[in-house]
Amino acid sequence: MKLSKILNGVNFESNKKFEDFEIRSMSIDSRKIKPKSLFFCLNGIEFDGHNIAFKAVKAGACCLVAERFLGVACLQVTVKDCREAMAYMASNFYKNPTTKLKIIGICGTNGKTSSTYMLKTMLEGAHFKVGVIGTIGVVVDNKKYNANAPAEEPKNDTATDYTT
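The paragraphs below set out a description of the structure included in this document. (Residues numbered from 1 in each chain as written. Predicted model: local features only at pLDDT ≥ 70, side-chain atom pairs only at ≥ 80, totals over all residues. Heavy atoms only, no water.)

## Topic: the layout of surface pockets
Right, on to step 1. The space that makes up the largest pocket amounts to roughly 930 Å³.
Right, on to step 2. Lining the largest pocket are 26 residues; nearest its centre among them are K102, I104, V130, G131 and V132.
Right, on to step 3. Looking at the lining of the largest pocket, the elements with two or more residues in it are α4 (112-125), β6 (131-134) and β7 (137-140).
Right, on to step 4. Broken down by element, the residue count for the lining of the largest pocket peaks at seven residues, all from α4.
Right, on to step 5. Grouping the constituent residues of the lining of the largest pocket by class yields 13 nonpolar, seven polar and six charged. (1 Å grid on protein atoms, 1.4 Å probe; cavity = no way out; pocket = protein on both sides within 12 Å on 5 of 7 lines; lining within 4 Å. Points joined across faces, edges and corners; volume = space filled by probe spheres on them. Helix = DSSP H or I, 4+ residues; strand = E, 2+ residues; numbered from the N terminus. Nonpolar A, V, L, I, M, F, W, Y, C, P; charged D, E, K, R; others polar.)

## Section: the environment of C82
Right, on to step 1. Within the secondary structure, C82 sits in helix α3 (residues 82-93).
Right, on to step 2. Given the relative accessible area of 0%, C82 is considered buried.
Right, on to step 3. For the pair C82 and C41, spaced 41 residues apart in the sequence, the C-alpha separation amounts to 7.2 Å.
Right, on to step 4. Not counting residues up to four positions away in its chain, the partners in contact with C82 are F40, C41, L42, V65, A66 and E67. (Buried < 20%, exposed > 50% of the residue type's maximum accessible area, 1.4 Å probe, protein only. Contact = heavy atoms within 4.5 Å.)

In short, shape yes, function no, at least from these values alone.
Dropping the structure here:
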């Protein structure tokens, strides 16, 4: 997808003349960078992706999204909040998937979980793809995930993977 389409709705400055080239993947994990990738320099409590921007460029990143200018050889897009920009850019890159979702909320004092799973079973019987998010967990494609599990901490110079 062209970089200009990915950046739609994002306020940014660039470090040099804007080039509208093809982006094939996006990541916050420098180990997953390939040629024509976009790298997000996320800043966290114990880790700052800005510190490995040069590593991402060496691996093939053709564009960096950062919160400060880094003096790199590739195109750098500077934004006020990298996480906020990443949300918009990921949505654009994946063709705004939330516009295709149909969401059902179930409220009440008792019976929400039972009602949710009965509804899931009926919808799947009608050949709908169904996911469930609730207090006892998350179910996607019949795989169960713990809803209360803490996010994993990044190890060394990488963070959670958001590649395509």
